[in-house]
Every structure is written in C-alpha cells, then in structure tokens.
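Residue strings, one per chain:
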Amino acid sequence: MTQELTSPSPAPQAPGTGRGPGWWRDAVIYQVYVRSFADSDGDGIGDLRGARERLPYLKDLGVDAVWLTPFYASPQADGGYDVADYRAVDPLFGTLQDADDLIRTAHDLGLRVIVDIVPNHTSDRHPWFQDPALARQRYIFRPGKGESGELPPNDWESVFGGPAWARTDRGDWYLHLFAPEQPDLNWDNPEVHTEFEAIMRFWLDLGVDGFRIDVAHGMIKAPGLPDIGHGAQAQLIGAQVLPFFDQDGVHAIHRAWRRLLDGYGDARGKQVIGVAEAWAPTAERLALYVRPDELHQAFNFQFLNAPWQADGLRSVIDASLAATASVGAPTTWVLSNHDVVRHTTRLGGSLARARAATLLMLALPGSAYLYQGEELGLPEVTDLPDEVRQDPAFFRGGRETGPAGPGTDTESAPDGVATAGGQDGFRDGCRVPLPWSGELPPYGFGPGGSWLPQPADWGGLTVAAQTGDPASTLELYRTALELRRRLPGLGDGPMSWAPAPDGVLAFTRPGLLCTVNTLGHDVGLPAPGTPLLSSAPVTVDDATARLPGDSCTWWAI
Ligand code: GLC
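No experiment lies behind these values; they were computed from the predicted model shown.

What counts, and at which threshold
- Residues numbered from 1 in each chain as written.
- Predicted model: local features only at pLDDT ≥ 70, side-chain atom pairs only at ≥ 80, totals over all residues.
- Heavy atoms only, no water.
- Helix = DSSP H or I, 4+ residues; strand = E, 2+ residues; numbered from the N terminus.
- Buried < 20%, exposed > 50% of the residue type's maximum accessible area, 1.4 Å probe, protein only.
- Pairing = 2+ DSSP bridges.
- Axes fitted to C-alpha atoms, helices over the stretch in contact; angles between N-to-C directions.
- Expected span 1.5 Å × (residues − 1).
- Contact = heavy atoms within 4.5 Å.
- Phe/Tyr/Trp six-rings, centres within 6.5 Å; stacked < 30°, edge-to-face > 60°.
- Lys NZ or Arg CZ within 6 Å of the ring centre and 35° of its normal.
- Core = buried A, V, L, I, M, F, W, Y, C linked by side-chain atoms within 4.5 Å.

**Student:** How do you make sense of unusual backbone geometry when you look at a structure like this?
**Tutor:** Residues apart from glycine generally show negative phi values, whereas peptide bonds are mostly found in trans. With an omega of 5°, the peptide bond running from proline 441 to proline 442 counts as cis. You can see proline 442 is positioned in the loop between helix H13 (392-395) and helix H14 (463-466). Here the phi dihedral of tyrosine 443 falls at roughly 50°; this positive angle occurs in a residue that is not glycine. Along the chain, tyrosine 443 falls in the loop between H13 and H14. Looking at tyrosine 443, the relative accessible area reads 1%, which means it is buried.

What follows is the structure in structure tokens.
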C-alpha cells in the first residue's frame, strides 16, 4: 500500500517579512574542515587561501553553500572550537583579509558561506577568562564540595571524559563541558548575549550567509546545577534531556538570534540562516529548534546513526519528516562530519553502502550536508599512531563516541558510531587531509606535508584520479547533485512510500522513484521506470529490474 507522508509544507512566513520559501530548505551544503581541506603555504595545515583556491572545485561539484569550521584565533586545544578571539582569524589559517576574499570569491561563484559560531564556551585564553573579575561574572564558577572545597561542585562529566569541573589556583571551580581549556559561558549574564549578537553582526557585515551553531543545545544549565546521579554521562547525550544539554531555556536564545538574522537579512534583501548542532533525544525535541521563530535547520543525527537496515531507516525517515513537518521546517540530512566515523567505514566498511546511503539522502525531501572527502568515498583512517593524535578526547581517556556524538543507543545504532568498523571513536581518523592529486602523500594537499599522515594507498582516491571516471564516487556525487538541481521533483516537496520487498525501500518524489536495497544480495522487482542514476550497475530485463545488493537507484517514472 502506498502511504502518503505528511509532506513538509511551505515554510510559514516569519511575521513581518516578505520572505520567499527559502534557499536553505533544499540546499546541499558542503562542510569544509579548514585545517584538512587545502594548504596554501606549506605548513601542512589547511588554510583560508587554500580553501578559496579550491572553491571552483566545489562549484563544479554542484553544492549550493559551504560551511567553514572555526578559523578564529585559538590555541587549538580542540581544533579551533576553543576560541580566544571571535573576530580575528588565527594566523594558522590566514588573515581577516583572506576570510573576506574567500567570502567574495564564493559569492562570485554563486556559493553561499556559513561560518561556525561557538557560544557554549570560549578558550581559557579568551580575555574574559583571563581577567579573574570578569571571568567570575561571565563563566560558571562554583565553590567546591568537601571540607576545604576540594571536590567538584557536582557530578557532571566532561563530554571528553573526566569531571566537567576544573579548580583554579584561587580554589574555586569552573565548569567545562568539553576540555578544561574550554570554560562554559554563563548565559544568565546579559553581557554574554550582547557579545554574541555583536559577533554575529561582525561576520554578517563581512558577508556570511549564516551560522552553524556549535553545541546549540548546551548554553543553558538547569537551575541549581543538580547532580545526575550516575556516571558514563557522555553515553546519555542525545538519549535524554540532561541538566546541561537540551534544556528548554536554550530556545529563547535561538529565538533572539532568529530575530537578529531575519532583521539583518530583511534590511539587505537576503536570507541568512542558523543551523543547530543540537543533540536531542527525539525527533520531536529536535524539531523544537526549527520552529518558525527559531533556527532554520538542525542536523538530523538520528538519520546519521540509523543502522543500514530498511525498517530502521524508514522509521527514522518517517519520524524526522513528521516532526519537522509539524513545525513547517525542512529536514536536514547528514551522514558524516568532523566528529563521527566516516560513513563508508561506519556502514560496515562498505563503499557500496556509503554510495547508496548518499543517493538515498539526496533523494529525500529537505536539505543535506556533505562532509569534505565523502565525495571521494574516503574511509576513516584507523591506524593513526598515538603520537600524531590531536583529539582532546584521546588525551582525557575520553568517551567512546565523538564528542558531540550520540548516546550508545543500541536499539537505533546496533553497531553505532563507537564501535563501527573497529573504531576507537576518536575524531582524528575522519580529519585526515584531503587527497587532491598525485600518487604520494600529501597528494596535492599543499606544498608541504600534512598535519595528520595520509594513508599510502590513497593515490586512487584523489580528486584527479576520480575526475572523469564514470564509475568513481566523485562522479556519482557530481551527477546526483546535477540531477538534484535539474529535476524539479527533488529537494523540497512531497514524498510517498511505495510497495517494496523486505529489505528494500521504495519511495516516490514527483516524477521520480527511489529504490534502496539494504540487503547484501540482488533483489528482483518489476522495473518501476527508467534508471536515471544508480550507486551500482542496475539491470532491467523483460521489465524486471535487478537491484544489486547495497545499492540505491533513482528511476524516472
Ligand atoms: C561540537 C564540535 C566539536 C567540538 C565540540 C566542542 O560538537 O562539532 O568538534 O569538539 O562542539 O566545541
């Protein structure tokens, strides 16, 4: 039986604006992890000039926008998510002029630019934290427990492992949900609100088209900072509301930012967006972040964590679409990012599954984020020696999943992020610099080396090696993105499930049908139409289609 899904309706207009449906509703946005994308100066670390030089590649790939991870002044205790000056570019990555040039070049190419903003915490080298009097007002300080205050104020654990509190030499304690070098800001202080609004305006004035909001579920802590009562708390992230994550109070902040973004955009005739990195226990709670007066998008990590199994995928897709449709928002699909095991490896070390998962994602209604290198089918690098690792979680004996990762919800992720592909769950393996060309490291990444060693066998995976090869993953992405732009039925709009054998998903979009065979072997079914694009060679004989195992096919109907 064909089941009609509640299709995402057009975005409700924010009050007082004449905004159209919104470019972001079906945009494909490419994540540039700046330090690993392209290096222009030979120090082995990717930079803004390197990224700018490669923008034509992204234009040619067919994405609509680029998200740049933090390139701000930072001691790099957590890959730049420890910001010491939100208005300065770290010399590692270039200058403010380089940022300006990059934004202009992107716009000239028709690409939008989203930058990261990190509001939950700063670096401990931030001037506010360096000044003890200011720090007491703007961060979360508490006296310790125990006879002489020698015990942390409560039992909260850092996402990276160990207690979430560090003691200063003045004897009090400050909260750091991430590394000790990342003290949590006190969002009860209005000065913090004012400062972040000013930071947003600073980057908007430079021309950015939006913000990816880091730890968007984190700024507000439960009153009284209550104990949780047990350990292994990192595993609860995304599985339940915690006194430090997904508190209802964060929504007032997002509402204020939406007013700022709308006001700014309206005055200039453009739409600037906010995308939440928010870990919420259910699709319904995640949808709260994308209510009409809040942010525009929120990464769908439940899809990212779904097992490669037809029923599981279908129920995550249904729940996501229903939840976002209930607030009039599109769903924001994602399979990989800089915090999780690359999906080629996570889905059982199978490039076939990864390619199929991508075609599935790009056929679903809504927007999609791609993580640099997934278009090359890069696997996670699993054999990095300990001496080259930089993930702070590794040094803190940390958690088993990525730092912002989900709980180990074994029902939804039987071989979840933590263990997939025999991973240790630290995040350096997905951050190895990109291979662009040549047979040997650094594969055209830059004129020097690369800050993490690249595998010796990546010569066949470079952009140059894959370009023009119709069987390559790069050309699959290019074709899929080209079709997505060309076919009116893809992107935002309705979808309906169609009948399919066990282990296979089938759904229609206007003019198109998508089949996904999640089984490891061929499945035959009446050919639903003419194959347009497939992640693996599909055959049609006498009106019977044979779907290869672990494949996804788009059919013209
Ligand atoms: C987010 C980032 C992650 C970082 C953390 C702390 O989860 O994606 O890389 O470590 O926030 O800022």
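**Student:** Honestly, the sheet that holds strand E20 (residues 539-541) in this entry has me stumped. Any pointers?
**Tutor:** Sheet architecture is open: 3 strands sit in the order E18-E21-E20, paired in antiparallel fashion. With partners counted over all chains shown, the strands left at the sheet margins are strand E18 (523-526) and E20, one partner each. Mean inter-strand twist for the sheet, computed between neighbouring axes without regard to direction, equals 25°. Where E20 lies against strand E21 (residues 544-547), 3 bridges are found, and the strand directions are antiparallel. Looking at E21, one finds that threonine 539 is bridged to arginine 546.

**Student:** So what exactly am I meant to see when it comes to helix H12 (residues 351-363) here?
**Tutor:** Along an α-helix, residues three or four apart share an orientation, since each turn contains 3.6 residues. If you check H12, its first and last C-alpha atoms are 18 Å apart, about what 13 residues at 1.5 Å a residue would give, namely 18 Å. Of all the 13 residues making up H12, 10 are buried; the element is thus mostly covered by neighbouring parts of the structure. Along H12, the residues that are buried comprise Ala354, Arg355, Ala356, Ala357, Thr358, Leu359, Leu360, Met361, Leu362 and Ala363.

**Student:** Hey, could you run me through the sheet that holds strand E3 (residues 65-68) in this one?
**Tutor:** Sheet strands pair by backbone hydrogen bonding; their relative direction is either parallel or antiparallel. What the 8 strands build is an open sheet, ordered E12-E11-E10-E6-E3-E2-E14-E13; its pairing is parallel. Across the chains shown, the open sheet's two edge strands, defined by having one partner strand only, are strand E12 (297-298) and strand E13 (332-334). Strands strand E6 (112-117) and strand E10 (210-213) of the sheet are contacted by helix H6 (residues 190-205), whose axis makes an angle of about 155° with E6.

**Student:** Explanation requested: the packing of aromatic side chains in the structure shown.
**Tutor:** The way to describe two aromatic rings as a pair is by their centre distance and the angle between their planes. The final tally for this structure, using the stated rule, is 27 aromatic pairs. When the ring of phenylalanine 71 is compared with that of tyrosine 72, the centres are 4.8 Å apart and the planes differ by 45°; the resulting orientation is tilted. Tyrosine 72 sits in the buried class, given a relative accessible area of 2%. The interplanar angle of 70° and the centroid separation of 5.5 Å between the aromatic rings of phenylalanine 160 and phenylalanine 178 together place this pair among those described as edge-to-face. Here phenylalanine 178 lies in the loop between strand E9 (173-175) and H6 and phenylalanine 160 lies in the loop between strand E7 (141-142) and strand E8 (165-167), a separation of 18 residues in the sequence. For the pair phenylalanine 160 and phenylalanine 178, a shared accessibility class is recorded, and that class is buried. Every member of this aromatic cluster is reached through a ring pair, and the members are Trp67, Trp279, Phe299, Phe301 and Tyr369. Cation over ring: arginine 136 sits above phenylalanine 141, and NZ or CZ is 5.5 Å from the ring centre.

**Student:** Whenever I open this one, the nonpolar core confuses me. Can you help?
**Tutor:** Tyr30, Leu58, Phe71, Trp203, Phe211, Phe303 and Trp554 are the most contacted members of the largest nonpolar core, which totals 164 residues. Considering each element in turn, this core owes the most residues, 7 residues, to H12. Residues within four places of leucine 58 in sequence aside, it is in contact with Tyr30, Val32, Phe37, Val63, Val66 and Leu111. Judged by nonpolar contacts, the second largest core, of 10 residues, contains Ala498, Val504, Ala506 and Val538.

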